[in-house]
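Now for the letters of each chain:
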Amino acid sequence: MKKIFSRLPVFFLLFILEACDPPDIDHAYDYLCYSNFRCTAFVPEQDSVWLELYSGDSLIDRDTLEDYYSSLPNSELEFRERLTLRIHVFCNGEWLDGVDFEFENRTDKYTEIRLSNFDMWKTSSSVTRIFTDEQLAKCPELSEYRIFVNTEHPPSCFDP
């Protein structure tokens, strides 16, 4: 392989590297694109949230920050078709029971999953209420929070 590259003109090598290496991408965060999905969760600033990601019964990633914002994945993951996002919320002095949201990881689309109180895409995102009436009685500030799923993006977040 090294011999092949050594025979190519320099300008051709630069073209190959640029074509495979999109401009304006912070390469420390490439995994945000390569895993085909991004999960984020926002709760009111006085509350905390953290996420876990499961494939079947196996924990494959987690965000250990306990803040009003959490996101996954934290690294490039092996592709899996079905994943479960487990959401943990701390509010009004206690942790609520974890809430699971199962989703399909697609190779034909880049999927954005977001727990929030508004649809940032203003599109036909699918919307799911995830908190139970019992949880909302303990934390009424979460009553407007939903899971928004957007799959309108091309297969890679590198693509326009």
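Colleague: Let's hear about the overall build of the chain: which residues, and what values?
Modeller: Along its length, the chain carries 4 helices and 10 strands. Reading the chain from its N terminus to its C terminus gives the helix and strand order α-α-α-β-β-β-β-β-β-β-β-β-α-β. Counting the 160 residues in the chain, one finds 39% classified as buried. Total accessible area computed for the chain in this model is approximately 9700 Å², and 52% of it derives from carbon and sulfur atoms.

Colleague: An account of the packing of aromatic side chains is needed here, citing residue identities and associated values.
Modeller: Throughout the structure, instances matching the rule amount to 4 aromatic pairs. Of the aromatic side chains, those joined through ring pairs into one cluster are W50, F90 and W95.

Colleague: An account of the pattern of salt bridges is requested, with residue identities and associated values reported.
Modeller: One pass over the full model with this rule turns up 6 salt bridges. A salt bridge links R129 to D133; the shortest N-O distance between them is 2.6 Å. Judged by relative accessible area, R129 falls into the partly exposed class, the value being 42%. Residue D133 is classed as exposed on the basis of its relative accessible area of 59%. Because the salt bridges share partners, they merge into one network encompassing E94, E134 and K138.

Colleague: Go over the pairing of strand β1 (residues 37–42) with me, naming the residues and quoting the values.
Modeller: With 5 of 6 residues buried, β1 lies mostly within the body of the structure. In terms of strand pairing, β1 meets strand β8 (residues 110–116) through 5 bridges, oriented parallel. Within β8, the residue paired with A41 across the bridge is L115.

Colleague: Give a detailed account of unusual backbone geometry, specifying residues and quantitative values.
Modeller: Going from L72 to P73, the amide bond is cis rather than trans, its omega being 0°. Along the polypeptide, P73 turns up in the loop between β4 (69–72) and β5 (82–91). In this structure, N36 is a non-glycine residue whose phi angle is positive, near 70°. Located in the positive-phi region is N92, a residue other than glycine, with phi close to 50°. Take N92: it is sitting in the loop between β5 and β6 (94–95).

Colleague: I'd like a description of the pairing of strand β3 (residues 58–62), backed by residues and values.
Modeller: Note: strand β2 (residues 48–55) against β3, 4 bridges, orientation antiparallel. Following the sheet pairing, L53 is matched in β3 by D61. With antiparallel pairing between neighbouring strands as the criterion, β2 and β3 make up a hairpin whose turn holds 2 residues, including G56 at a positive phi of roughly 65°.

Colleague: Lay out the nonpolar core in plain terms, naming residues and giving numbers.
Modeller: Within the largest apolar cluster, 28 residues are counted, with the highest numbers of intra-cluster contacts made by I87, F103, L115, F131 and L142. For this core, the secondary structure elements donating two or more residues are β1, β2, β5, β7 (99–104), β8 and β10 (146–153). Per element, the largest residue contribution to this core is 5 residues, and it comes from β5. Discounting residues that sit within four places of it in the chain, L142 has contacts with V43, P44, D47, V89, C91, L96, F131 and L136.

Colleague: Report on the state of the cysteines, specifying residues and quantitative values.
Modeller: According to the stated counting rule, one finds 1 disulfide in the structure shown. Residue pairing for C91: its cysteine sulfur links by disulfide to C139, the two sulfurs lying 1.5 Å apart. The S-S bond linking C91 to C139 shows a torsion near 85°; that makes this disulfide right-handed. Of the two residues, C91 is situated in strand β5 and C139 in the loop between α4 (133–138) and β10; the sequence distance between them amounts to 48 residues. The class for C91 is buried, based on a relative accessible area of 1%. Of the residues examined, C139 reaches a relative accessible area of 0% and is grouped as buried.

Conventions used here
Residues numbered from 1 in each chain as written. Predicted model: local features only at pLDDT ≥ 70, side-chain atom pairs only at ≥ 80, totals over all residues. Heavy atoms only, no water. Helix = DSSP H or I, 4+ residues; strand = E, 2+ residues; numbered from the N terminus. Buried < 20%, exposed > 50% of the residue type's maximum accessible area, 1.4 Å probe, protein only. Areas by Shrake-Rupley, 256 points an atom, 1.4 Å probe, with all protein chains shown as cover. Phe/Tyr/Trp six-rings, centres within 6.5 Å; stacked < 30°, edge-to-face > 60°. Salt bridge = Lys/Arg side-chain N within 4 Å of Asp/Glu carboxyl O. Pairing = 2+ DSSP bridges. Core = buried A, V, L, I, M, F, W, Y, C linked by side-chain atoms within 4.5 Å. Contact = heavy atoms within 4.5 Å. Disulfide = S-S within 2.5 Å.

None of this, on its own, says anything about what the molecule does.
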